[in-house]
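# Examining the three-dimensional arrangement
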Amino acid sequence: MNKPLVISKTQTIAKYFLKQMKKTRIITLALTSFLIFTFTIKAQPFEEALLKKDVKKWFITMINAHELQLKYKSEADKYDDVIVAYYEERNLWVESLGYEPKEFDKLSERINAGYGSMKDQKSLDEERAGVESQINEIENLPMVSDNQKNMMKNGILAGIKEQQKVIDYFKPDWPALEPYIEEFNLLDLWIGGNITNHPTIN
């Protein structure tokens, strides 16, 4: 005689999360938060927000730097190490524009992350709109205690909160970045070799 199938509370919780992981990224992050930990931002805010002129200068510099890179790539056989040769000239040229090479690279990371945070905000807003239904599903889970349900719900909410914290870190730069959203997308396509012409920066 077959024994009746017994589903434990742990199995119920696990099955719920596995199901929800297939639905949205929020639940995936909530599961990570629920089972492991919720990360926190320890970095200090930037001392000053970027200005539009800073972003415009960066765009022009990036375009010129990539054109220089393409030149070196086309003449690679002239150099023992084309990458070293390129960066030597690039760094000297970047310094002539008033940048320290490492600071310019950090600025590039900051601007790229800033544009990424703007996209992430849209995604997070869409995901946040579905949280209520996820909470309702948790409330209706069978054989799960109120304490366990609260832990699961808190995991979802904590995941959203920490994502928002990351995004907010870059928000002071948004006013300077927003005028060049289309140009950033075109620059990304151009550097990736997907279009032939770089964006025009006005």
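Residues numbered from 1 in each chain as written. Predicted model: local features only at pLDDT ≥ 70, side-chain atom pairs only at ≥ 80, totals over all residues. Heavy atoms only, no water.

## As for the nonpolar core
Grouped burial of nonpolar side chains is what soluble globular proteins tend to show. Convention followed: Note on terminology: a nonpolar core comprises buried Ala, Val, Leu, Ile, Met, Phe, Trp, Tyr and Cys residues joined through side-chain atoms within 4.5 Å. Accessibility here uses a 1.4 Å probe with only protein chains present; expressed as a share of the type maximum, an area under 20% marks a residue as buried, one over 50% as exposed, and anything in between as partly exposed. Numbering goes from the N terminus for both helices and strands, where a helix is a DSSP run of H or I of at least four residues and a strand is a run of E of at least two.
Val55, Trp58, Phe59, Tyr115 and Leu177 are the most contacted members of the largest nonpolar core, which has 32 residues in total. Counting only elements with at least two residues in this core, the list comes to helix H3 (52-74), helix H5 (101-128), helix H6 (131-139), helix H7 (146-170), helix H8 (174-177) and helix H9 (181-191). Among the nonpolar cores identified, the runner-up in size contains 5 residues, and Ala65, Leu68, Tyr72 and Ala85 belong to it.

## Some thoughts on the side chain of Arg110
Put simply, the rule is: We call two residues in contact whenever any of their non-hydrogen atoms come within 4.5 Å of each other.
On the secondary structure map, Arg110 appears in helix H5. By relative accessible area, Arg110 is classed as buried at 14%. With residues near it in sequence (within four places) discarded, Arg110 still touches Phe46, Glu48, Ala49, Leu50, Phe170 and Asp173.

## Thoughts on helix H4 (residues 82-96)
Put simply, the test is: Here the expected length of a helix is defined as 1.5 Å per residue gap, with one fewer gap than residues. It is the directions from the helix axis to the C-beta atoms that the arc portrays.
Between its terminal C-alpha atoms H4 stretches 21 Å, which fits the 21 Å expected from 15 residues at 1.5 Å a residue. Taken residue by residue, H4 has Ala85, Tyr86, Arg90 and Val94 as its buried positions. Buried residues of H4, seen end-on, are gathered within an arc of 155° and therefore sit on one face of the element. Pointing more than 90 degrees away from the buried face of H4 are the exposed residues Glu88, Leu92 and Ser96.

## What about the packing of aromatic side chains?
Put simply, the rule is: A pair of aromatic rings is counted whenever rings of Phe, Tyr or Trp (Trp by its six-membered ring) have centres within 6.5 Å, and the orientation is called stacked for planes under 30 degrees apart, edge-to-face for over 60 and tilted otherwise. By the criterion adopted, a ring carries a charge over it if an Arg CZ or a Lys NZ lies within 6 Å of its centre and within 35 degrees of its normal.
All chains considered together, the criterion is met by 11 aromatic pairs. Plain terms: the ring middles of Phe59 and Tyr115 are 6.5 Å apart, the flat faces sit at 70° to each other, and that makes the pair edge-to-face. With Phe59 in helix H3 and Tyr115 in helix H5, this residue pair connects regions lying 56 residues apart in the sequence. Taking the relative accessible area as the measure of exposure, Phe59 reaches 0% and is therefore buried. Summarising the aromatic geometry, the rings of Tyr115 and Phe184 are spaced 4.2 Å apart at their centres and angled 15° between planes, so their arrangement reads as stacked. A residue pair is termed long-range when its members are at least 10 positions apart, and Tyr115 in helix H5 and Phe184 in helix H9 qualify at 69 residues. Each residue in the set Trp58, Phe59, Tyr115, Tyr180 and Phe184 is aromatic and connected to the rest through ring pairs, giving one cluster. We note Lys71 situated over the ring of Tyr72; from NZ or CZ to the ring centre the distance is 5.3 Å. Above the ring of Phe46, the side-chain terminus of Arg110 is found at 3.7 Å from the ring centroid.

## Some words on the pattern of salt bridges
Pairing between side chains becomes possible if they bear opposite charge and their charged atoms approach one another. Filter applied, for reference: Just to be clear on terms, a salt bridge is a Lys or Arg side-chain nitrogen sitting within 4 Å of an Asp or Glu carboxyl oxygen.
Under the criterion given, the structure shown has 9 salt bridges. For Lys165, the salt bridge goes to Glu162, with nearest N and O atoms at 3.5 Å. Here the residue Lys165 and the residue Glu162 both occupy positions in helix H7, the gap between them amounting to 3 residues, near one helical turn. Under the relative-accessibility criterion, Lys165 is labelled partly exposed at 32%. Overlapping salt bridges, with partners in common, bring together Lys71, Glu75 and Lys78 in one network.

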